[in-house]
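Structure at a glance
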Amino acid sequence: MAGRDERPGNTGSRGSRLLGCVALASLVVLGVLAFFLTGPDVRLHPTTGEEFGQFDAVRMLYLHVPMAVLMYASFMLCAAASVGVLVKRTPWWDVMAHSTAEVGTVLCGLVLVTGSIWGRPVWNTWWEWGDVRLMTTLVLFLLFAGYLALRRTTTDPRRQERKAAVVALVAVLDIPLVNRSVAWWENRTLHQRSTLEELKIQDLTLFTLMFGFLTFGLVVWWLTLQRFRVGWLERAAIDHAVGSAIAERRSETSADELDAAIGVTDEQAGEASP
Amino acid sequence: MSEVRRFLADARMVAARDLRIEFRSRVVVGQVVPFALLVLVLFGFALDADHRTLRTFASGLFWVAVLLSALLAVHRSAALEQSDGTMDALRMSGLPPAALFIGKATAVFVQLVLLEVVLLGGLLVLYGVQVVDPALLVVAGLLAGVAVAAAGTLYGALASGLGVRETLLPILLLPVLAPVLIGATRAFDDALGAVAVDGWAWTGLLAVAALIATVVGALAHGVLIED
């Protein structure tokens, strides 16, 4: 990778450091926009004139919605990379699948936590068992927790890369359920069909939401990049360990013994050397 | 046509082998079924042996007991291939992996049906439930059995060969079976007259789950036993 620091164990490059700084700055700006500059969601009832809406809780959606969308993206990338593992069988796809799955699982956990915090004031409950999208998202989280557990079962990732790919491809079957659940089981969910339709979003609110997508896009990009490089270094470390073990074993044996072991006769050895 | 017939013959051979081993070793009958009944009894203790509570939650408790016991049955099914290099021999035998999968899943399915029948007897006797819609009960029980057997065989093959199979199998398999648990419980709620829901609608979900688990399992089994 061009521009990568050559010090062992370092995953930073000039580009990724810049990306990291921009992502961090964007997070700060997003925080200021979401929690200070935008207003609370207050609407007036057309007939009674009473105030209703999500009030300050709506601020959580500037984090929750982009994270949910990026979670889908990460898991879809994981699925694509898993297909790559099954078809191509190269380490690049496997490290990619592992990285995106890990980032996606973290996002999924954060989506559940931010959703729960948002749900407390708006739905008046931390957790709603009857909500089908909540259930399918929780199942998605557990499926990928299982995937990560499988990946941790051995120190050599090559031993179960194809098994992991199958687990990931089964797990992503849940994504259409999560995404479409709100439309398919309308009376079994408290989730709105689409936040954009529901809130009549405009101006600064819309900008903040879009900025949220951009920010989390950068954060996920940076995280995946770093995780990929760590995974790649892990592979390199295993290969290095195997290579040095072979070299060590060879150095214990004299050249003649080695030739004899692999069936090379003295004449052949003589012909081979000038 | 002869290919299909040969495929089915292969699958039947594998299923007959697994069932013959079970018939001779009696692991499922002697250990898994008593375990399932024990779970039912424990639920009774935990819920303070209140008949009305038990009847209300009977279908959920039934399916949790089935899933926990299915883990043991699947574990046993996968363990059969681990001893004496059986899996290596099967790989060398030229049996299509899909036929091997269908055969093993069928054997697990037969054992699950037996388990469900015994557990249902437990529900009738211990929890005092009444069957309102027997047809729905049978259809939902069979469809959920197919889904659990197929998904279980897939994940059993996946977790086998790993040193941590016992702990890994539940966390991989149970989330996948969550929709089956929900669908089967709702269908049984209706069949046992516990809750007014349309149980037949939920059998649709069970049918889709059974189909997906069988197709994915048959397609992926080759990849899993190769490693």
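Observations concerning the overall build of chain B
Counting its regular elements, chain B contains nine helices and zero strands. Along the chain direction, N to C, the helices and strands of chain B fall in the order α-α-α-α-α-α-α-α-α. With respect to the three principal axes, the spread of C-alpha positions in chain B is 55 × 35 × 30 Å. In chain B, which comprises 227 residues, the proportion classed as buried is 48%. For chain B, long-range pairs separated by at least 24 residues make up 83% of all intrachain contacts whose partners lie at least 6 apart in sequence.

With respect to the overall build of chain A
Of regular secondary structure, chain A possesses ten helices and two strands. Seen in sequence order, chain A has helices and strands lined up from the N terminus as α-β-β-α-α-α-α-α-α-α-α-α. In chain A, which comprises 274 residues, the proportion classed as buried is 33%.

Observations regarding the interface of chain A and chain B
Interfaces are often sized by the accessible area lost when the parts come together. Contact with chain A, which involves 16 residues of that partner, is made by 15 residues of chain B. Counting only elements with at least two residues in the side of chain A that touches chain B, the list comes to α4 (132–151) and α5 (161–171) of chain A. In terms of residue count, the dominant contributor to the side of chain A that touches chain B is α4 of chain A (seven residues). Tallied by class, residues from the side of chain A that touches chain B come to eleven nonpolar, three polar and two charged.

Observations regarding helix α3 (residues 51–80) of chain B
The end-to-end C-alpha distance of α3 of chain B, which contains 30 residues, comes to 40 Å, matching closely the 44 Å that a straight helix rising 1.5 Å per residue would cover. By the largest-angle criterion, A58 of chain B marks the main kink of α3 of chain B, which is about 65°.

Focus on the packing of helix α3 (residues 91–122) of chain A against α4 of chain A
All names here are of chain A. As a packed pair, α3 and α4 sit with axes 9 Å apart at the nearest point and diverge in direction by 145°. As α3 packs across α4, the resulting crossing turns out to be left-handed. Residues H98, A101, E102, G104, T105, C108, G109, V111 and L112 of α3 pack against T137, L138, L140, F141, F144, A145, Y147, L148 and R151 of α4. Of the residues assigned to the contact of α3 with α4, the class counts are eleven nonpolar, five polar and two charged.

Some words on unusual backbone geometry
Of note, the phi angle at F55 of chain A is positive, near 50°, even though the residue is not glycine. Along the chain, the position of F55 of chain A falls in strand β2 (residues 51–55). We classify F55 of chain A as partly exposed; it has 14 C-beta atoms within 10 Å. The backbone of D84 of chain B sits at a positive phi, close to 55°, despite the residue not being glycine. Accessibility expressed as a C-beta count within 10 Å gives 9 for D84 of chain B, which makes it exposed.

Regarding the packing of helix α2 (residues 61–88) of chain A against helix α8 (residues 203–252) of chain A
Residues and elements named next belong to chain A. Between α2 and α8, the least distance of the axes is 9 Å, while the angle of their chain directions is 45°. Overall, the two elements α2 and α8 adopt an arrangement that is oblique. Like other packed secondary-structure pairs, α2 and α8 cross with a definite hand, here right-handed. Every residue of α8 that contacts α2 at Y62, L63, V65, P66, M67, V69, L70 and S74 is listed here: T208, L209, G212, F213, F216, G217 and V220. Across the contact of α2 with α8, the residue classes break down as eleven nonpolar, four polar and no charged.

Remarks on the environment of A98 of chain B
Residues and elements named next belong to chain B. Considering the arrangement of structural elements, one finds A98 in helix α5 (residues 97–127). Sequence separation between A98 and L219 is 121 residues; the distance between their C-alpha atoms is 6.5 Å. Other than its neighbours up to four places away in sequence, A98 contacts A218 and H221.

Looking at the pairing of β2 of chain A
All names here are of chain A. Relative to β2, strand β1 (residues 41–44) is paired through three bridges, and the arrangement is antiparallel. When the sheet's bridge partners are listed, D41 is paired in β2 with F55. What sits between the antiparallel neighbours β1 and β2 is a turn of six residues, in which G49 has the positive phi angle 80°.

Focus on α5 of chain B
It helps to recall that an α-helix has 3.6 residues per turn; residues three or four apart then point in one direction. The terminal C-alpha atoms of α5 of chain B lie 42 Å apart, and with 31 residues this matches the ideal 45 Å at 1.5 Å per residue to within 8%. One or two positions beyond α5 of chain B, positive phi appears at G128 of chain B, with a value near 70°.

What about the nonpolar core?
Inside soluble globular proteins, nonpolar side chains tend to come together where they are buried. In this structure, A168 of chain A together with A147 and L206 of chain B are the most contacted members of the largest nonpolar core, which totals 130 residues. Of all the elements, helix α6 (residues 134–159) of chain B adds the most residues to this core, at 16 residues. Non-local contacts of A168 of chain A, meaning those with residues more than four positions away in its chain, are made with C78, A79, S82, A97, A101 and Y147 of chain A.

Structural notes on the confidence of the model for chain B
Averaged over all residues, the pLDDT of chain B is 91; the fraction at 70 or higher stands at 99%. Our summary of model confidence lists the complex with pTM equal to 0.85 and ipTM equal to 0.86.

A look at the environment of Y155 of chain B
Residue and element names in this part refer to chain B. By the element assignment, Y155 lies in helix α6. Between the C-alpha atoms of Y155 and H221, which are 66 residues apart in sequence, the distance is 9.5 Å. Each residue touching Y155, except ones within four places of it in the same chain, is listed here: L169, L172 and L173.

Here is what the cut-offs are and how they apply
- Residues numbered from 1 in each chain as written.
- Chains lettered and ligands numbered in written order.
- Predicted model: local features only at pLDDT ≥ 70, side-chain atom pairs only at ≥ 80, totals over all residues.
- Helix = DSSP H or I, 4+ residues; strand = E, 2+ residues; numbered from the N terminus.
- Buried ≥ 20, exposed ≤ 12 C-beta atoms within 10 Å, placed from the backbone.
- Contact = placed C-beta atoms within 7 Å.
- Nonpolar A, V, L, I, M, F, W, Y, C, P; charged D, E, K, R; others polar.
- Expected span 1.5 Å × (residues − 1).
- Bend = angle between axes of the 7 residues up to and from the residue.
- Axes fitted to C-alpha atoms, helices over the stretch in contact; angles between N-to-C directions.
- Left-handed = near helix turned anticlockwise from the far one by under 90°.
- Parallel < 35°, antiparallel > 145°, perpendicular 65-115°, else oblique.
- Pairing = 2+ DSSP bridges.
- Core = buried A, V, L, I, M, F, W, Y, C linked by C-beta atoms within 7 Å.
- pLDDT = per-residue confidence, 0-100.

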